[in-house]
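Here is how the chains run, residue by residue.
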Protein chains: 4
Amino acid sequence: MLNQFLNSIADAGRDLWQRRSGNGRRSPDALRGLCDDLLSTRGEASGIAVARDVARTYDTLDETDRLALFRILNDEFAADADAINAAADAYRDGGDLDTFLALARSVEPPRQEFFRRLNMAPGGTRTIVSMRAHLLGLLRDHPELKAVDADLRHLLGSWFNRGFLTLERIDWHTPADILERLIQYEAVHRMDGWDDLRRRLDRDRRCFAFFHPALPGEPLIFVEVALVNGLATSVQPLLDRSGEPDDPVGADTAIFYSISNCQEGLAGISFGNFLIKQVVHELARELPGLKVFSTLSPIPGLRRWLAEQADLTEPEREAAGRLDNPDWQHNEALAQAVRPVLMRLCARYLVDAKRGDRPADPVARFHLGNGARLEQINWMGDSSANGIAQSAGMLCNYLYDLKTIERNHEAYANSGRVTVSSQVKKLLG
Amino acid sequence: MLNQFLNSIADAGRDLWQRRSGNGRRSPDALRGLCDDLLSTRGEASGIAVARDVARTYDTLDETDRLALFRILNDEFAADADAINAAADAYRDGGDLDTFLALARSVEPPRQEFFRRLNMAPGGTRTIVSMRAHLLGLLRDHPELKAVDADLRHLLGSWFNRGFLTLERIDWHTPADILERLIQYEAVHRMDGWDDLRRRLDRDRRCFAFFHPALPGEPLIFVEVALVNGLATSVQPLLDRSGEPDDPVGADTAIFYSISNCQEGLAGISFGNFLIKQVVHELARELPGLKVFSTLSPIPGLRRWLAEQADLTEPEREAAGRLDNPDWQHNEALAQAVRPVLMRLCARYLVDAKRGDRPADPVARFHLGNGARLEQINWMGDSSANGIAQSAGMLCNYLYDLKTIERNHEAYANSGRVTVSSQVKKLLG
Amino acid sequence: MLNQFLNSIADAGRDLWQRRSGNGRRSPDALRGLCDDLLSTRGEASGIAVARDVARTYDTLDETDRLALFRILNDEFAADADAINAAADAYRDGGDLDTFLALARSVEPPRQEFFRRLNMAPGGTRTIVSMRAHLLGLLRDHPELKAVDADLRHLLGSWFNRGFLTLERIDWHTPADILERLIQYEAVHRMDGWDDLRRRLDRDRRCFAFFHPALPGEPLIFVEVALVNGLATSVQPLLDRSGEPDDPVGADTAIFYSISNCQEGLAGISFGNFLIKQVVHELARELPGLKVFSTLSPIPGLRRWLAEQADLTEPEREAAGRLDNPDWQHNEALAQAVRPVLMRLCARYLVDAKRGDRPADPVARFHLGNGARLEQINWMGDSSANGIAQSAGMLCNYLYDLKTIERNHEAYANSGRVTVSSQVKKLLG
Amino acid sequence: MLNQFLNSIADAGRDLWQRRSGNGRRSPDALRGLCDDLLSTRGEASGIAVARDVARTYDTLDETDRLALFRILNDEFAADADAINAAADAYRDGGDLDTFLALARSVEPPRQEFFRRLNMAPGGTRTIVSMRAHLLGLLRDHPELKAVDADLRHLLGSWFNRGFLTLERIDWHTPADILERLIQYEAVHRMDGWDDLRRRLDRDRRCFAFFHPALPGEPLIFVEVALVNGLATSVQPLLDRSGEPDDPVGADTAIFYSISNCQEGLAGISFGNFLIKQVVHELARELPGLKVFSTLSPIPGLRRWLAEQADLTEPEREAAGRLDNPDWQHNEALAQAVRPVLMRLCARYLVDAKRGDRPADPVARFHLGNGARLEQINWMGDSSANGIAQSAGMLCNYLYDLKTIERNHEAYANSGRVTVSSQVKKLLG
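Parameters at a glance
- Residues numbered from 1 in each chain as written.
- Chains lettered and ligands numbered in written order.
- Predicted model: local features only at pLDDT ≥ 70, side-chain atom pairs only at ≥ 80, totals over all residues.
- Heavy atoms only, no water.
- Helix = DSSP H or I, 4+ residues; strand = E, 2+ residues; numbered from the N terminus.
- Buried < 20%, exposed > 50% of the residue type's maximum accessible area, 1.4 Å probe, protein only.
- Contact = heavy atoms within 4.5 Å.
- Buried area = accessible area lost by both parts, 1.4 Å probe.
- Salt bridge = Lys/Arg side-chain N within 4 Å of Asp/Glu carboxyl O.
- Least-squares fit on C-alpha atoms with pLDDT ≥ 70 in both.
- Polar contact = N/O pair within 3.5 Å; in protein donor to acceptor, adjacent residues only side chain to side chain.
- Arc of directions from axis to C-beta.
- Disulfide = S-S within 2.5 Å.
- Domains from an automatic or database assignment.
- Pairing = 2+ DSSP bridges.
- Right-handed = clockwise from strand over helix to strand, strands pointing away.
- Phe/Tyr/Trp six-rings, centres within 6.5 Å; stacked < 30°, edge-to-face > 60°.

Caption draft 1: View of the overall build of chain A. Looking only at helices and strands, one finds 21 helices and nine strands in chain A. Principal axes of the C-alpha set define a box for chain A whose edges measure 75 × 55 × 50 Å. Every one of the 429 residues in chain A was classed for burial, and the buried ones make up 57%. Restricting the contact set of chain A to residue pairs at least 6 apart, pairs at least 24 apart contribute 72%.

Caption draft 2: The arrangement of the interface of chain B and chain A in detail. Facing 59 residues of chain B, the contacting portion of chain A comprises 59 residues. Across the chain B/chain A interface, buried area totals approximately 5200 Å², and carbon plus sulfur atoms make up 68% of it. Where chain B packs against chain A, one counts two salt bridges. The partner of A:R92 in a salt bridge is B:D89, and the shortest N-O contact between them spans 2.5 Å.

Caption draft 3: Region of the structure containing the relation of the copies chain B and chain C. When chain B is brought onto chain C, the operation consists of a screw motion whose angular component is 180° and whose axial shift is 0.1 Å, with 0.1 Å RMSD remaining. Seen this way, the second copy is the image of the first under a two-fold rotation axis. In terms of C-alpha distance to the rotation axis, chain B has B:P175 as its closest residue, with the C-alpha 1.9 Å off the axis. Take the interface residues of chain B: 100% of them recur as interface residues in chain C, which is what a same-surface contact looks like.

Caption draft 4: Geometry of the interface of chain B and chain C. With ten residues of chain B in contact, the opposing surface of chain C contributes ten residues. Summing the contributions of chain B and of chain C, the shared interface buries around 930 Å²; its carbon and sulfur component is 54%. Three residues, B:W172, B:A176 and B:W194, lead the burial of chain B against chain C; their summed loss comes to 48% of the area buried on that side. The salt bridge partner of B:E180 is C:R198, with a shortest N-O separation of 2.2 Å.

Caption draft 5: Fine view of the relation of the copies chain B and chain A. At an RMSD of 0.1 Å, chain B and chain A line up after a rotation of 180° and a shift of 0.0 Å along the axis. When the interface residues of chain B are mapped onto chain A, 100% of them again fall at the interface, so both copies present the same face.

Caption draft 6: A look at the environment of A:H173. Structurally, the position occupied by A:H173 is in the loop between strand 1 (166–169) and helix 11 (176–185). Linking A:H173 and A:I405, residues 232 residues apart in sequence, is a C-alpha distance of 34 Å. Leaving out residues up to four positions away in the same chain, A:H173 has contacts with D:P175, D:A176 and D:D177. For A:H173, the side chain forms a polar contact with the side chain of D:D177, separated by 2.6 Å.

Caption draft 7: View of helix 16 (residues 314–322) of chain B. All names here are of chain B. Buried residues of helix 16: E316, A319 and A320, and no others. Angularly, the buried residues of helix 16 cover 100° about the axis, an arc narrow enough to put them on a single face. Where helix 16 is buried, its residues touch helix 15 (302–308) and helix 17 (332–352).

Caption draft 8: Structural context of the pattern of salt bridges. In this structure the tally under the stated criterion is 103 salt bridges over all chains. The salt bridge partner of B:R117 is B:E113, with a shortest N-O separation of 3.1 Å. Taken together, the residues B:R117 and B:E113, both in helix 8 (residues 110–118) and four residues apart, mark about one turn of the helix. Each member of the salt-bridge network shares a partner with another, and the members are A:E108, A:E113, A:R116 and A:R117.

Caption draft 9: Focus on the state of the cysteines. Applying the stated criterion to the full structure yields zero disulfides over all chains. B:C262 takes part in no disulfide bond, and the closest cysteine sulfur to it belongs to B:C207, at a distance of 9.2 Å.

Caption draft 10: Focus on the domain arrangement of chain A. All names here are of chain A. According to the domain assignment, chain A contains domain 1 (2–159), domain 2 (163–295) and domain 3 (302–428). Contacts between the two partners involve eleven residues from domain 1, matched on the other side by 13 residues from domain 2. Here domain 1 packs against domain 2, burying approximately 970 Å² in sum over the two surfaces, 58% of which is carbon and sulfur. Taken together, the links from domain 1 to domain 2 amount to one salt bridge.

Caption draft 11: Inspection of the side chain of D:R205 at higher detail. All names here are of chain D. If you trace the backbone, R205 turns up in strand 2 (residues 205–211). A distance of 2.9 Å separates the side chain of R205 from the backbone oxygen of L238, its partner in a polar contact. Beyond its immediate chain neighbours, meaning those up to four positions away, R205 contacts R169, R199, R200, V225, A226, L227, P237, L238 and Y257.

Caption draft 12: Here's a closer look at helix 11 (residues 176–185) of chain D. Of all the ten residues making up helix 11 of chain D, seven are buried; the element is thus mostly covered by neighbouring parts of the structure. Where helix 11 of chain D is concerned, the buried positions are D:A176, D:D177, D:I178, D:L179, D:L182, D:I183 and D:Y185. Against helix 11 of chain A together with helix 12 (194–200), strand 2, strand 3 (221–228) and strand 4 (253–261) of chain D lie the buried residues of helix 11 of chain D.

Caption draft 13: Here's a closer look at the pairing of strand 4 (residues 253–261) of chain B. Residue and element names in this part refer to chain B. The buried fraction of strand 4 amounts to seven of the nine residues, a majority that puts the element mostly inside the structure. Inspection of the sheet shows strand 3 (residues 221–228) paired to strand 4 by eight bridges, in the antiparallel sense. Looking at the pairing, E224 lines up with S258 of strand 4. The sheet contact formed by strand 4 and strand 5 (residues 292–295) spans four bridges and is parallel. Paired with A254 across the strands is F293, a residue of strand 5. The handedness of the strand 4 to strand 5 crossover, carried by helix 14 (residues 272–286), is right-handed.

Caption draft 14: Examining the arrangement of the chains more closely. Nowhere do chain A and chain C come into contact; their C-alpha atoms are at least 16 Å apart. A minimum C-alpha distance of 16 Å separates chain B and chain D, which share no contact.

Caption draft 15: Region of interest: unusual backbone geometry. Phi is positive for A:D327, close to 60°, though the residue is something other than glycine. Structurally, A:D327 can be placed in the loop between helix 16 (314–322) and helix 17 (332–352). A positive phi angle, near 55°, is found at D:M380, a position not held by glycine. With respect to the helices and strands, the residue D:M380 is situated in the loop between strand 8 (373–378) and helix 19 (385–391).

Caption draft 16: Just the packing of aromatic side chains, in detail. All told, the structure shown has 30 aromatic pairs over all chains when counted by the stated rule. Ring centres 5.4 Å apart and planes at 75° place the aromatic pair C:F114 and C:F115 in the edge-to-face group. Summarising the burial analysis for this pair, C:F114 and C:F115 share the class buried. Judged by centre distance (5.2 Å) and plane angle (45°), the rings of D:W305 and D:Y349 are tilted. With a gap of 44 residues between them, D:W305 in helix 15 (residues 302–308) and D:Y349 in helix 17 (residues 332–352) connect regions that are remote in the sequence. Here the two residues D:W305 and D:Y349 agree in accessibility, since each one is buried.

This is the structure we're talking about:
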């Protein structure tokens, strides 16, 4: 009986939504119906039934339909300019709480309520996160949709507040569907299947991820850590799956060698800062022998930056040029010849190259912004094809030194100043 | 090491916050420090450590301190009127996305970010919910703080979106701490301890509650249901703990006889609508024999309304007057004499008495607003002292008839029209 | 289809079992059918279906039927004497593994297989445990059934091996149905409902229980512990629910003031020894400040023993006689007069009164057998009516001193020697 | 303090156990000490501490030490022949319960108590299961140890009673460590890593396993099921990981195509019978469309049996001989020529070849013993190298027909008669 009821609501909806235009796609009217329905009093009365059907219908849309839907949301469910201007006038005149609240209401586009109601569907949060992923994919060609993205980002930023996330340890007891996602989402050092993964979850490794209760089984971001002795300078030994795992209790250093975001739809909503700091906390509690917490990080923009530099000295230009030799890194004489020049250039890139007043390199921007210190630059830290291609094989360590992290962050936040070790300072000359 | 770090941050904070004025309370400066700290770059850098300390400090504040804090949030962390007006001007001139977003940002008071950061503390959501409870308690004497309440309500409304709530069945296997809260929060028919509760969780009863992942173990709202045959007209048999439980499989009617909100701090954020409809869903799935879903509801405002009516007929005035006799309900002759008059008055109250264009009775407003139908008025439905006091012992049934619920809701939403059974119509004459 | 299948087996069985003799009870034939069925090849083929029906049928038997069933199991499903004797002859002649195993098989009564198959029913273990509880109730009047009990005890002893039990902490987050069982099973210091229980689960109390995976939600045995400073000498302050809970972190002493078995059907299968030692372990890990682990124990047999002593000295007889005065304990002069005599008698009872070569007092036998030391005798340790009645209000402390527990146990096991403190030695004179 | 206590016990033990003979192995005295210690009163007093140390020490033993330990258990912890004979005499004379129980006790070797106490160690059950696996490996060369195995099998048979097992569905949400064990334990159709596994856990497949609470994460036995339409006659399509999964709701047939035991140490303790029947139950409940439950089974002994037959007819010998041609199965003419002869021989092997009075083929023995019917023989049912090698590529279906399963089982149990379909009867001629 109830199901009949729910189905009858659904059917009514489907009739509308399934009305398609000639070419097999949804007509704009049908898509507009999606929005109207959910915002109507019927959408209110029938609880989650309408939300569920809108979510299911969305899943069947192709890219053209989705673009059409976002356009409708953008054009027809925006805040009303006249109403805003009127409310602004009233506020300027009145200046009291009521006019203020009226103004605040007037700048909230009705599509925010559309998304809030859609979120009530079973799996609604998941649908909204994938809507945003789709929308981001469309933005380059359709920049006018940025207004819709602003609403989605506002809502998702509020809903994915750090206070609602749970930190979970990932290991070999974790369900396979979650582990499979790690293989798929790993963005820094690609995993070639389950054996690679298994090495990264062995007893001298740690992996942690943030989850949100509304996205069960879906990691938001995860970090991979190696427990070693002394600062790791090269990533290949950490990934080598033939290696025997070490005893984690004897380790003095935790190396954060990979951190990957998993949800395109949550781009721009930052979790990494919290993740690293909370994992430091967890590790310090589990393994009191750990004294040093450091990353071993890629330098993704180095080669591109190098190619763009017009003011290199002659030896610098020569060294940079030699990187065009195929397999230069296997030519020991050549590699040793360019090494000092390139390491100096690398230090300069990390410290001095800016985008605005922040480091140009995105990884540097992230860790230095968190208050870490640029500790060391490692020649042949990543000898993989990808490592050679993006940074001439160099990696660097950002050190999370608990005693200085806050001071570093303040210096960075207030004046853009980045903190570097004496070793890096020497490189900079 | 890490703990030292976290503690040193905490200690620094405490030094500030614990600076107290002469009378043993926090100085306004110390309280202002709470807000500044959390919004500073230090608050950003140290992740959850500062948030945790603000939350802990808040827990130690007395009412005077809390009032002082809310005043600071109200006065010093409000949106800036000049900035709003400037942004409104720019928007009026430009009308593009950037000026729109700038205006939207300008109307968001900085204290919203204060609450968002506070939410990152362990248990932060709980702290914020209790802050709002405290604030609501202060509003009557300090109506100027409504602006702070508007922000809290906005945030909590977004965070407690139905999509994030989980429906849980409550029974005798539920942890005792949760059950204890039911005893304490039950607002309609008081429970006198564990034996009363146990009857309400027996096999011919059902109880469901909404929970939020950030408030584990804390019911937000719960509903109590009796599985019976035929529409229940009196609540005392349902509560009687000496009764033998019936076989739920044979029941044809589910009576929702009590629904209670648990969190003062979430006042005005509505869950009841969703709860009832989802529980109907759950029950229909578990027990296909159920054909009727109805409440047995109090009429809390009847006697007060009656006392205020100036235009009663003479027999009505007389009947109303007799309610002043102590224990009138035990005088069978008297009770039978007033019964028809009072039932007619009751129907009139429920259907015609309005606050604005909505029913004056809050329970009627809730169920009729949900699309339920006023089905029946029951003489001596609640013979308890409380029942006599608020509604001369009458209760009524609101019927959730799945076939008409949506139509009823639309009629109500669009024109304020409420739906009543033919039986009630007859009473209205 | 499958259910039809299962039901058809069940129905066939029911036909047989439900044949009843004239007076409304099961006929012996029907009861014998229970046993035959389960041991037949049909019982083998139909997996758990027959076992389930036997279990359900058992639940419907009244005491007369149960007695009849146990008699059938005793008489008709016993080991075969001729077969045993023949197997014993073959073993004496052969002495090899085959004749040994044949002999071992011949002494196993077929009813053991009956119980093993019954255990396959859903909830089968629970049924078997309650069968043994019923059987124990019948043994006094029907001692011939001891042979059946020997089999049940053998099986249950094997199945409830310590290695299969889990230790669970019980607190206010524990499901209400389990807590309710504690109230009901508490055997030492009666709980008067939920408020008493709550005090015993407060933050300066601990409660632990053993569970078996096949009896979910059913505690087997539980112990209640108070975290205090110094050896507790009186139980009333520990039970007083008006008291404010103390900070457990500051406690130096854990007092085990109540330990109760929950399952009659597991009588004689000892868990208490393991429970106390593992709880000591858990508490030492949680609260490193704890230095002393001791019981505060009843002396259940003292008054009875006293009444039976023929060789008391004149002052002893007089003191013992005064206990017959009603409310003697409230007569301060009288109480002080008898105190030294009674405490000496109490020490003598605990240390010298024997049953065989073990202490006559069952609680003393248990703790001293575990290797504990009799530490102290406490005047008016339990001033409740029950305490006065069984031990003139005295309680004693058995100390679990980890350094000596093993030595004490060996002395006790080898020579029956019990360990007492110097204080108790002095009492003994 | 407690840990000191536990360690001091452990250390005392280790001193003894670690005394080694010259060649680096444990001396017999040290191994004997393992047994003595656990059975001593110290073993009793110190609860699980001694058991834990014995378990840990066992884990460090090499095969020579293990053999020495099993010999000590066999020779020195056996039942005492003189005591048995004396008890048998007393029983013959007395015949009462006491002499019976004394006899029963005398035939129980003390090593049973050794194992029961060892079981109290954390992970003790796991240790005992692996002891038995080791022992089974030694039996061929040391058949005198069968007596120890009899005790282990007796205990494990009692502890792994069906009533203590839980049936768990295995799917892609199952923890990776458990899934990895499936890959490793799969005994019928080898899995080549995670992609193979994933196909077998897709939505038109089911996998179930039995677990025991004392071996968490360790499947005891598992079965793999394909949901298809019509009786599957070939296994390769079921394993093909490129295939798209079908909709399970439309399936009418459940094919049990692989069943594997996981624990060598539990050999001879049968779970398969229960597993299949309970999985039939689960599937029938989940998917009411299923009408047929059948295996698709290997015929492991066919080729070996064929090679041993002396009385084949000339055409039969010729056909059998052709199987020696390499890749005969790819020679279509040859394969079609031998097909009718070989299928007849296969039917004869399954139905008439006996070991004792039971089918010679172990898989036939298992399913026909369960009451299944031999339904069909499938030419080229398994074209893998292994399928060709063991059964000339043939597989067969055993049908679990719920209406006849019990009758079939009884016929089999009472007279060894096996049930075959009319199709197979025709093959038999």
